[in-house]
Amino acid sequence: KIQNNSLICKCLIYRNSLKIKLKSNDVSVGRVEGGGTFKKDTSILISADPIEGYYFIGWSDGNTDNPRTVVVTKDEEYTALFSLPYNLDVMSSDTCKGRVQGSGSYKKGEIARIIAIAREGYEFVSWSDGVTDKIRTIIVSQDSSLIANFDVKTCVLKVVANNDTMGLAFGDGKFKYGESAKISAVPFDCYSFVAWSDSVKEAERTIVMTSDVALSAIFQKINLTNVTLCNNDYVTISVEPLTILFNGITTEYVEVYNALSQLLYEGTAERVPVPAAGVYIVKVDDEVVKVLVSD
């Protein structure tokens with residue numbers, strides 16, 4: 001009877017003693033602590049300790065707590081997973097055009113934030129993987145590298161007329177940073193150009209593009225009247241419907257241009273017909289005047 005009772009006790013002890021076995025995926029880069037034999041339903045603490053330069057990824061059952069508490073319910077084996085950090089190299093295609101931020105070493109699954117910063121006169125185009133967000137986040141899962149591509153900045157020029165029944169504006173488009181753009185404002189007959197919306201009064205001008213620009217050409221209606229516009233020692237210029245008159249002209253050479261600076265007449269005639277009402281430019285010797293002709 002004594003022998004039978006001893007066997008029963010040994011069996012009970014065996015049934016209540018459970019083994020928790022701990023392993024490292026590589027004993028040269030990390031060790032584990034907390035394994036052994038325990039009674040059922042005992043709470044134990046297990047831990048993983050990587051050597052310098054490595055980090056703990058997680059346990060073989062997917063748990064990433066370190067240390068972690070385990071309730072012993074059966075024989076178990078846990079493997080601690082260790083790894084080197086992954087390197088993320090972020091580079092610029094041309095350091096004269098732009099710079100980058102975000103290179104470094106990251107744990108697996110860690111989120112890295114990378115940034116592309118263009119220098120003056122340039123703009124970010126895309127990353128080498130085709131993504132066009134200059135600021136982005138990456139979930140690191142392996143060693144990787146990315147290149148930020150930069151190019152000369154594109155500036156948009158938009159020119160319009162404040163009233164398209166009074167005139168037209170020309171010259172809008174896309175230009176590279178530092179490129180010169182020519183714009184012009186052309187009034188219709190019976191209208192005149194006043195100024196651009198930035199107060200510049202030159203109808204034709206050149207703009208050096210360093211940013212996006214929007215300009216409006218401002219026109220106004222001309223009140224046409226028959227008046228003497230020029231009176232010098234030789235010639236008096238006046239107007240009548242669709243005609244420019246040169247009174248007193250003898251050998252003086254005159255030139256007549258339309259509002260587009262196109263030559264309509266040159267010579268010594270006393271009457272010069274014009275095709276439509278509007279503004280005309282008359283040159284007599286070195287004197288230049290604007291003539292307003294009605295219909």
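Everything that follows concerns the structure shown earlier in this document.
Criteria and thresholds
- Residues numbered from 1 in each chain as written.
- Predicted model: local features only at pLDDT ≥ 70, side-chain atom pairs only at ≥ 80, totals over all residues.
- Heavy atoms only, no water.
- Pairing = 2+ DSSP bridges.
- Helix = DSSP H or I, 4+ residues; strand = E, 2+ residues; numbered from the N terminus.
- Axes fitted to C-alpha atoms, helices over the stretch in contact; angles between N-to-C directions.
- Buried < 20%, exposed > 50% of the residue type's maximum accessible area, 1.4 Å probe, protein only.
- Contact = heavy atoms within 4.5 Å.
- Core = buried A, V, L, I, M, F, W, Y, C linked by side-chain atoms within 4.5 Å.
- Salt bridge = Lys/Arg side-chain N within 4 Å of Asp/Glu carboxyl O.

(A) Just the pairing of strand β8 (residues 86–92), in detail. In the sheet, β8 pairs with strand β10 (residues 104–106) via three bridges, with the strands oriented antiparallel. Bridge assignment links leucine 88 to a residue of β10, and that residue is glycine 104. Where β8 meets strand β14 (residues 144–152), five bridges bridge the pair, whose relative direction is parallel. In the strand pairing of β14, methionine 91 is matched with isoleucine 147.

(B) Local environment of the sheet that holds strand β7 (residues 76–83). One open sheet holds the four strands; their spatial order is β3-β1-β7-β5, and the pairing between them is mixed. Every interior strand has two partners, whereas the edge strands, β3 (36–39) and β5 (55–59), have only one. Recorded for the sheet is a direction-independent mean angle of 25 degrees between the axes of neighbouring strands. Strand direction decides the pairing type here: β5 and β7, joined by four bridges, are antiparallel. Its bridge partner being in β7, phenylalanine 56 is matched across the sheet by phenylalanine 82.

(C) Local environment of the environment of aspartate 212. Mapped onto the secondary structure, aspartate 212 falls in the loop between β20 (204–208) and β21 (213–221). Residue classification places aspartate 212 among the exposed residues on the basis of a relative accessible area of 56%. With 38 residues separating them along the chain, aspartate 212 and lysine 174 place their C-alpha atoms 8.9 Å apart. In contact with aspartate 212, not counting residues within four places along its chain, are Thr154, Cys155 and Val156.

(D) Layout of the nonpolar core. Counting residues in hydrophobic clusters, the biggest one holds 19 residues, and the most contacted among them are Leu157, Val159, Ile183, Trp196, Met209 and Ala217. Every element with two or more residues in this core is listed here: β15 (154–161), β18 (180–187), β19 (191–196) and β21. Filtering out sequence-adjacent residues up to four positions away, alanine 217 remains in contact with Val160, Ala161, Asn162, Ala169, Ala185, Phe193, Ala195 and Trp196.

(E) Representation of the pattern of salt bridges in the model. Under the defined criterion, the tally for this structure stands at nine salt bridges. Here aspartate 49 makes a salt bridge to arginine 31, at a shortest N to O gap of 3.2 Å. Remark: arginine 31 occurs in strand β2 (residues 30–33) and aspartate 49 occurs in strand β4 (residues 43–50); sequence separation between them is 18 residues. The closest approach of N and O atoms between aspartate 129 and arginine 136, which form a salt bridge, is 2.9 Å. The exposure class of aspartate 129 is partly exposed, given its relative accessible area of 43%. Taken together, the shared-partner salt bridges in this structure form one network comprising Arg31, Glu33 and Asp49.

(F) Local environment of the environment of valine 152. Among the secondary structure elements, valine 152 is positioned in strand β14. For valine 152, a relative accessible area of 27% gives the class partly exposed. Leave out the neighbours within four places in its chain, and valine 152 touches Gly121, Tyr122, Glu123, Lys176 and Tyr177.

(G) Quick look at the environment of tyrosine 86. You can see tyrosine 86 is positioned in strand β8. When the C-alpha positions of tyrosine 86 and aspartate 143 are compared, they lie 4.9 Å apart, and in sequence the two are 57 residues distant. For tyrosine 86, the contacting residues outside a window of four places in its chain are Tyr55, Gly104, Ser105, Tyr106, Lys108, Val140, Ser141, Gln142 and Asp143.

(H) Broad picture of the pairing of strand β25 (residues 254–257). Summarising the sheet, β25 and strand β26 (residues 263–267) pair through four bridges and their orientation is antiparallel. Note that in β26 the partner of glutamate 255 across the bridge is glutamate 266. Counted between consecutive antiparallel strands, the loop separating β25 from β26 contains five residues, among which serine 261 sits at a positive phi close to 65 degrees. Strand direction decides the pairing type here: β25 and strand β28 (residues 278–284), joined by four bridges, are antiparallel. Note on β28: the bridge partner recorded for valine 256 is valine 282.

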